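# Observations on the model geometry
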Amino acid sequence: AQSVTQLDSQVPVFEEAPVELRCNYSSSVSVYLFWYVQYPNQGLQLLLKYLSGSTLVKGINGFEAEFNKSQTSFHLRKPSVHISDTAEYFCAVSGRGGGSYIPTFGRGTSLIVHP
Amino acid sequence: DVKVTQSSRYLVKRTGEKVFLECVQDMDHENMFWYRQDPGLGLRLIYFSYDVKMKEKGDIPEGYSVSREKKERFSLILESASTNQTSMYLCASSLAGSSGNTIYFGEGSWLTVV
């Protein structure tokens, strides 16, 4: 079984400030980890994912995330946000092999960027 | 670019009506999904299909059924719509072979049941 906890339902921030969106997961097997973004009135699109290798993963629009196996976390960061980053962000986890090919999504974090 | 197309963006239906939500993907993906998205609850999987005519129940299949007669098309059916099925429905697809493959989403269908 696997689960994802996004620790903040809403994160307000001023434009050009740094931001971190937190994600913790649990799984009985090794995992793949994902962050998806949903802009208003749209579907989700992939921001970045961790499959293997370097624990620091860079994605689109200047976002990056770090896989921390000991803390079972995959926090998303951006050093300077823009108004256009206002969106819903979803963390997801899927087990590597062993049966389930279906990722589990967190409940989402709403990033609100103020001018 | 991968495209997942949901035929209806906004629907209003009456309680008890049979509702069809259609989804087509153009990338020859084996896997297709239907999710329901509600505020504060995130995405919940309704049904999953890994091949034509194959389906598996997700976390909340009650009140829904699905059909996959062709590889590119995955339909969600509400046999008798109820007001608690008012929600945003997201269709998605992915390649088979690895749970690390990216899932591609459609733009969503907003369903209101009155």
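The structure we're discussing is the one just above.
Described below are features of the structure shown in this document. Just so it is clear, the structure is predicted and the values come from calculations on it, not from any experiment.

## A short note on the overall build of chain B
- When helices and strands are counted, chain B shows 0 helices and 12 strands.
- Secondary structure of chain B in N-to-C order comes out as β-β-β-β-β-β-β-β-β-β-β-β.
- Its C-alpha radius of gyration of 13 Å places chain B within 12% of the 13 Å reference for a compact globule of 114 residues.
- For chain B, the spread of C-alpha atoms along the principal axes amounts to about 40 × 30 × 25 Å.
- The burial tally for chain B puts 48% of its 114 residues in the buried class.
- In chain B, 56% of the contacts between residues at least 6 apart in sequence involve partners at least 24 apart.
- For chain B, the accessible surface area stands at approximately 5500 Å², while carbon and sulfur atoms represent 50% of it.
- If the 14 positive side-chain charges of chain B are averaged to one point and the 15 negative ones to another, these points end up 5 Å apart.

## With respect to unusual backbone geometry
- One non-glycine residue, A:Glu16, lies in the positive phi region at around 75 degrees.
- Examined against the element boundaries, A:Glu16 turns out to sit in the loop between strand 2 (10-14) and strand 3 (19-21).

## Topic: the state of the cysteines
- Under the definition given, this model contains 2 disulfides over all chains.
- In this model A:Cys23 forms its disulfide with A:Cys91; the gap between the sulfur atoms is 2.0 Å. Measuring the twist about the S-S bond at about -70 degrees, one finds the A:Cys23-A:Cys91 disulfide to be left-handed. Placement of A:Cys23 in strand 4 (residues 23-27) and of A:Cys91 in strand 10 (residues 87-95) is noted, with a sequence separation of 68 residues between them.
- By relative accessible area, A:Cys23 is classed as buried at 0%.
- Here B:Cys23 engages in a disulfide with B:Cys91; their sulfurs sit 1.9 Å apart. Taking the sign of the S-S torsion, about -80 degrees here, the bridge from B:Cys23 to B:Cys91 comes out left-handed. Pair noted here: B:Cys23 is in strand 4 (residues 23-25) and B:Cys91 is in strand 10 (residues 87-94), with a separation of 68 residues, a long-range link.
- With relative accessibility at 0%, the residue B:Cys23 sits in the buried group.

## With respect to the layout of surface pockets
- Of the voids in this model, the largest pocket is the one considered here, and its volume is about 460 Å³.
- Elements that contribute at least two residues to the lining of the largest pocket include exactly strand 10 of chain A together with strand 5 (31-38) and strand 10 of chain B.
- A total of 3 residues in the lining of the largest pocket trace back to one element, the largest contributor, which is strand 10 of chain A.
- By residue class, the composition of the lining of the largest pocket is 7 nonpolar, 13 polar and 3 charged.

Definitions and limits used
- Residues numbered from 1 in each chain as written.
- Chains lettered and ligands numbered in written order.
- Predicted model: local features only at pLDDT ≥ 70, side-chain atom pairs only at ≥ 80, totals over all residues.
- Heavy atoms only, no water.
- Helix = DSSP H or I, 4+ residues; strand = E, 2+ residues; numbered from the N terminus.
- Rg over C-alpha atoms; globule rule 2.2 N^0.38 Å.
- Buried < 20%, exposed > 50% of the residue type's maximum accessible area, 1.4 Å probe, protein only.
- Contact = heavy atoms within 4.5 Å.
- Areas by Shrake-Rupley, 256 points an atom, 1.4 Å probe, with all protein chains shown as cover.
- Lys, Arg positive; Asp, Glu negative; His and termini not counted.
- Charge placed at Lys NZ, Arg CZ, Asp CG, Glu CD.
- Disulfide = S-S within 2.5 Å.
- 1 Å grid on protein atoms, 1.4 Å probe; cavity = no way out; pocket = protein on both sides within 12 Å on 5 of 7 lines; lining within 4 Å.
- Points joined across faces, edges and corners; volume = space filled by probe spheres on them.
- Nonpolar A, V, L, I, M, F, W, Y, C, P; charged D, E, K, R; others polar.

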